[in-house]
Amino acid sequence: MSDALSSPAIASAVGRRVAIFSHTHPSLTKGGAEIAARTLFRGLRSIGIDAILISACEEEALGRIDLDPQEFALPYRGALYDHFYHLSSIDVRRSLVALLQRERVSLLNAHHFLNVGGGIFRDVAEAGIPVVFTIHEFLAICHNHGQLVKRQSNALCDGPTPAGCRACYPEQSRQQFAVRQQYFADALAPVAAFVSPSRFLADTMVRNGLPAERMHVVENGVEQSRPQIARSNARRRLWTFGYFGQINPFKGVDVLLDACPIIVRDEALSDTIRIVIHGNMVGQSSAFIERFHTACERYPFLRYAGAYDNSSVAELMAACDYVVFPSTWWENSPVVIQEAFQARRPVLCTNIGGMAEKVGDQVNGLHFIRGNPADLADRIAEAADPNLYERLQGGIPPVLSPTQMAARYASIFEGVLPTDAVTHSATAIDRL
């Protein structure tokens, strides 16, 4: 990768200003997409590419956003946003195009369309600025939070159809879903290149209509931390399994809770392990929250450590032996997995989608059956073995650094940037 850091792609991008757009800012929410966007922004700047970061921000939250130099907030009003068709106020779209023109941006790399709407791709392209779209989930083809999970049954979904989508949302008509599909087909047509952090997501989106020739796979980079010391359990009796991330209805914390009464029946196992949950509650019902805290009081091996600052994740993971990732949707390329590998920790994860792609079963982690707490409990018991731990830790691959990630993006940018410097006319905004 050292050759890539001095490649012609980087040289061609130097002198051009690149804008990275995120649907929100990591100082407000700490999802994988916004973390990946900011990591790329910093990586690009570190290799000499003039990059800015633009983060959408609800107007009422402007006082809470924490921006670094070369970072900008794009205000919007959530009450004016249509979450079915993903239509935003025209004022927001005008503001983004005006900001790109004022900052003399040559290329936009959008890491989402949420809060600005799918129409922004055409607006920016018509202003003479090529667009690269990094996809982090399936929102363009799935109204159910972009999860591709059936709403009533929680079964996995292979892709949208008007009839199938209406089964999830009977309050919407088939015609509305057909219009939604066509709207996104038209909205994404002007995108010059697509990037996916996993082959699984890329293949799924191509199967559902995106052009394969414009699709690229680039893994998310991870901020580098000091190398973590490998924990040795040869003389220890206690194994620590850590969960990291948002505690939302799709991340499978309920599966972890369901495994606890199974684990507690095995006295030797329950005396040998600790499960520590790190994260903040997002979108959970009061019933779940009550159940969660009751479980933490009931099971002596289960502890809630609360929310955490992402800058401390390496140290927190280093205090664990394994990272547990029980998500019940397909996932794409969870940043948590990359962070675990950066900390040299094997991962126990669900056996589907981007998780199964990133974590090799019996190579650098263990797979368990989606939504199956008994299988998760069995894998936890299996993992508490010094010989297995040493072997899994030895199989952990190196993670991509922010500069390596940026160099790979620079190669994609080179393919869509105009060969000559382009001056974007301010009058283009009048066409919106």
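Scope of this entry: the structure provided in the associated data block. (Residues numbered from 1 in each chain as written. Predicted model: local features only at pLDDT ≥ 70, side-chain atom pairs only at ≥ 80, totals over all residues. Heavy atoms only, no water.)

Glancing now at the overall build of the chain. Within the chain, the secondary structure is distributed over 16 helices and 13 strands. Since a compact globule built from 432 residues should have a radius of gyration of about 22 Å, the 22 Å found for the chain is in line with a globular shape. Along the first, second and third principal axes, the C-alpha set of the chain runs to 70 × 55 × 40 Å. Relative to its 432 residues, the chain shows a buried fraction of 55%. (Helix = DSSP H or I, 4+ residues; strand = E, 2+ residues; numbered from the N terminus. Rg over C-alpha atoms; globule rule 2.2 N^0.38 Å. Buried < 20%, exposed > 50% of the residue type's maximum accessible area, 1.4 Å probe, protein only.)

Our focus in this paragraph is the packing of helix H2 (residues 32–46) against helix H16 (residues 402–416). Across the interface, H2 lies against H16 with an axial gap of 8 Å and an inter-helix angle of 85 degrees. Judged on the interaxial angle alone, H16 and H2 are roughly perpendicular. Of the residues in H16, those touching H2 at Ala36, Thr39, Leu40, Gly43, Leu44 and Ser46 are Pro402, Thr403, Met405, Ala406, Tyr409 and Phe413. Here the contact of H2 with H16 is composed, by residue class, of eight nonpolar, four polar and no charged. (Axes fitted to C-alpha atoms, helices over the stretch in contact; angles between N-to-C directions. Parallel < 35°, antiparallel > 145°, perpendicular 65-115°, else oblique. Contact = heavy atoms within 4.5 Å. Nonpolar A, V, L, I, M, F, W, Y, C, P; charged D, E, K, R; others polar.)

The next thing to look at is the nonpolar core. Considering soluble globular proteins, one finds that nonpolar side chains tend to be buried as a cluster. Ile54, Leu100, Phe121, Phe133, Phe138, Met205 and Val347 are the most contacted members of the largest nonpolar core, which has 68 residues in total. Filtering out sequence-adjacent residues up to four positions away, Met205 remains in contact with Ile135, Phe138, Ala140, Ile141, Leu210 and Met215. Counting residues in hydrophobic clusters, the runner-up holds 34 residues, among them Ile247, Ile263, Phe288 and Leu366. (Core = buried A, V, L, I, M, F, W, Y, C linked by side-chain atoms within 4.5 Å.)

We now examine the sheet that holds strand E13 (residues 365–368). An order of E10-E9-E8-E11-E12-E13 is seen for the six strands of this open sheet, with the pairing classed as parallel. Of all strands in the sheet, those with a lone pairing partner are strand E10 (302–306) and E13, marking the two edges. Taken pair by pair, the neighbouring strands of this sheet meet at an average axis angle of 25 degrees, ignoring direction. By the bridge criterion, four bridges tie strand E9 (residues 273–278) to E10 in an arrangement that is parallel. Paired with His278 across the strands is Gly306, a residue of E10. Packed onto the sheet, helix H10 (residues 286–298) meets E9 and E10 and runs at close to 125 degrees relative to E10. (Pairing = 2+ DSSP bridges.)

What follows deals with the packing of aromatic side chains. The description of two aromatic rings rests on the distance between their centres and on the angle between their planes. Applying the stated rule across the entire model yields 19 aromatic pairs. Their ring planes at 90 degrees and their centres at 6.2 Å tell us that Phe138 and Trp329 sit as a pair that is edge-to-face. Of this pair, Phe138 sits in the loop between strand E5 (131–134) and helix H5 (162–168) while Trp329 sits in the loop between strand E11 (322–325) and helix H12 (335–342), and the two are 191 residues apart along the sequence. Arranged with centres 6.3 Å apart and planes meeting at 35 degrees, the rings of Trp239 and Tyr322 form a pair that is tilted. Here the residue Trp239 occupies a position in strand E8 (residues 239–244), and Tyr322 occupies one in strand E11, the gap between them amounting to 83 residues. Each of the two residues, Trp239 as well as Tyr322, counts as buried. (Phe/Tyr/Trp six-rings, centres within 6.5 Å; stacked < 30°, edge-to-face > 60°.)

Turning to the packing of helix H8 (residues 253–264) against helix H14 (residues 373–383), a few remarks are in order. Contact geometry of H8 with H14 gives a least axis separation of 8 Å together with a crossing angle of 65 degrees. The pairing of H8 with H14 is recorded here as roughly perpendicular in orientation. The crossing of H8 and H14 is right-handed. On H14, the residues touching Val255, Leu256, Asp258, Ala259, Ile262 and Ile263 of H8 are Pro373, Ala374, Leu376, Ala377 and Ile380. Counted by class, the contact of H8 with H14 contains 10 nonpolar, no polar and one charged residues. (Left-handed = near helix turned anticlockwise from the far one by under 90°.)

Attention shifts here to the environment of Trp239. Owing to a relative accessible area of 3%, Trp239 belongs among the buried residues under this scheme. Along the backbone, Trp239 and Arg122 are 117 residues apart, and their C-alpha atoms lie at a distance of 52 Å.

Moving on to the side chain of Lys358. Inspection of the secondary structure assignment puts Lys358 in helix H13 (residues 353–358). The class for Lys358 is buried, based on a relative accessible area of 15%. For Lys358, the side chain forms a polar contact with the side chain of Glu219, separated by 2.6 Å. When sequence neighbours within four positions are dropped, the list of residues in contact with Lys358 reads Pro197, Ser198, Glu219, Asn332, Ser333, Ile337, Gln338, Phe341 and Asn364. (Polar contact = N/O pair within 3.5 Å; in protein donor to acceptor, adjacent residues only side chain to side chain.)

What follows covers the side chain of Gln147. With respect to the helices and strands, the residue Gln147 is situated in the loop between E5 and H5. With a relative accessible area of 7%, Gln147 lands in the buried category. For Gln147, the side chain forms a polar contact with the side chain of Trp329, separated by 3.1 Å. Residues in contact with Gln147, not counting those within four places in the same chain, are Phe138, Cys142, Phe250, Trp329 and Trp330.

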